[in-house]
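# Survey of secondary and tertiary structure
Each chain, letter by letter, is given below.
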Amino acid sequence: MAASLHTSQLGSAFLGKRTGICVSTVPVTHLGFRRKTVECKESRIGKQPIEVPSNVVITLEGQDMKVKGPLGELALSYPREIAIDRQESILKVRKAVETRRANQMHGLFRTLTSNMVVGVSTGFEKKLQLIGVGYRATVEGKELILSLGFSHPVKMTIPDDLKVKVEDNTRITVSGYDKSNIGQFAASIRKWRPPEPYKGKGVKYADEIVRRKEGKAGKKK
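What comes next concerns the included structure. Treat the numbers as computed from the prediction; the structure is a model and nothing was measured. (Residues numbered from 1 in each chain as written. Predicted model: local features only at pLDDT ≥ 70, side-chain atom pairs only at ≥ 80, totals over all residues. Heavy atoms only, no water.)

## Observations concerning the sheet that holds strand 2 (residues 57-61)
Threshold: Pairing between strands is defined by DSSP: at least two bridges between them are needed. Helix and strand labels come from DSSP, where a helix needs a run of H or I of at least four residues and a strand needs a run of E of at least two; each type is numbered from the N terminus. An axis is simply a line fitted to the C-alpha atoms; with a helix, the fit covers only the stretch in contact. Between two such axes, the angle follows the N-to-C directions and lies from 0 to 180 degrees. Residues are treated as being in contact if the distance between any of their heavy atoms lies within 4.5 Å.
Pairing is antiparallel in the open sheet, where 3 strands are placed in the order 2-3-4. With one partner strand each, in any of the chains shown, strand 2 and strand 4 (73-77) form the two edges of the open sheet. Here the strands of the sheet are splayed against their neighbours by 15° on average, with no regard to which way each runs. In the sheet, strand 3 (residues 64-68) pairs with strand 4 via 5 bridges, with the strands oriented antiparallel. The residue bridging Lys-66 from the neighbouring strand is Ala-75, located in strand 4. Its contacts with the sheet place helix 2 (residues 100-121) against strand 3 and strand 4, and it is angled at close to 165° to strand 4.

Below is the structure:
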């Protein structure tokens, strides 16, 4: 450090003699850095309590939880950063440690826990709609058969934990107690013919808004 300061002073003196400009030098004695700790706020979703209905049975074994209700049974394993507290008919998901990963997973596992409790007690459903000439759907046994303008009908096997109902040949309702399975099966139906933006033809969710595009204008006369 002393050698570098000495070199700097010599260079400054030489520069002053050559140019006739007086250059002042200030010796640097110490450079310090202060580390500031930023604490993350608690997740607004994660801190909300979960009400457990009377017809739902919850079993906690370490980091594993099982939820059983009138519609079915679900299980979930929690990471070590997340802990579950039960107080009579209330469940609380909290962070076991204060880390960045715990902050990221706090709200996620609270939502997954709530979906399990609601799913086995009341269930979930996802609705889709078929739009297009000749587009129709039917249920035969454990298969969903779709006519979507292909040269052959599309046959999809319905999972055992889901129920599929078709109304007016164009409205499909997928219901069950596992929200993730419902969403995955509904997405697999939609991917066969996603709605196109010009005429809106295809398979879309009932609450989906399809942004339309203007078609090519004809030649002006």
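The rest of the description comes next.
## So, the sheet that holds strand 13 (residues 202-205)
Note: strands within a sheet are paired through backbone hydrogen bonds, in either parallel or antiparallel orientation. As summarised here, the arrangement of the 4 strands in space is 11-12-7-13, forming an open sheet in which the pairing is antiparallel. A strand with exactly one partner marks an edge of an open sheet, and here the two such strands are strand 11 (162-167) and strand 13. Direction aside, neighbouring strands of the sheet carry axes that sit 25° apart on average. By the bridge criterion, 4 bridges tie strand 7 (residues 124-131) to strand 13 in an arrangement that is antiparallel. When the bridges of strand 13 are listed, Gln-129 appears paired with Lys-204. Across the sheet, helix 3 (residues 179-190) touches strand 7, strand 11, strand 12 (171-176) and strand 13, and the angle it forms with strand 7 is around 5°.

## A few points about the packing of aromatic side chains
Filter applied, for reference: A pair of Phe, Tyr and Trp rings is counted when the ring centres sit within 6.5 Å of each other, with Trp represented by its six-membered ring. The angle between the planes then sorts it: under 30 degrees is stacked, over 60 is edge-to-face, the rest tilted. Accessibility here uses a 1.4 Å probe with only protein chains present; expressed as a share of the type maximum, an area under 20% marks a residue as buried, one over 50% as exposed, and anything in between as partly exposed. Remark: a charge is flagged as sitting over a ring if the NZ atom of Lys or the CZ atom of Arg is within 6 Å of the ring centre and within 35 degrees of the ring normal.
Per the stated rule, a full pass over the model turns up 2 aromatic pairs. Consider the rings of Phe-150 and Trp-192, whose centres lie 6.5 Å apart with planes at 70°: the pair is edge-to-face. Remark: Trp-192 occurs in the loop between helix 3 and strand 13 and Phe-150 occurs in the loop between strand 9 (143-147) and strand 10 (154-157); sequence separation between them is 42 residues. You can call Phe-150 partly exposed: its relative accessible area is 35%. In this structure, Lys-126 packs its charged tip against the face of Tyr-205, placed 4.7 Å from the ring centre. A cation sits over an aromatic face here: Arg-193 above Phe-150, 4.4 Å from the ring centre.

Everything listed is a geometric property; what it means functionally is a separate question.
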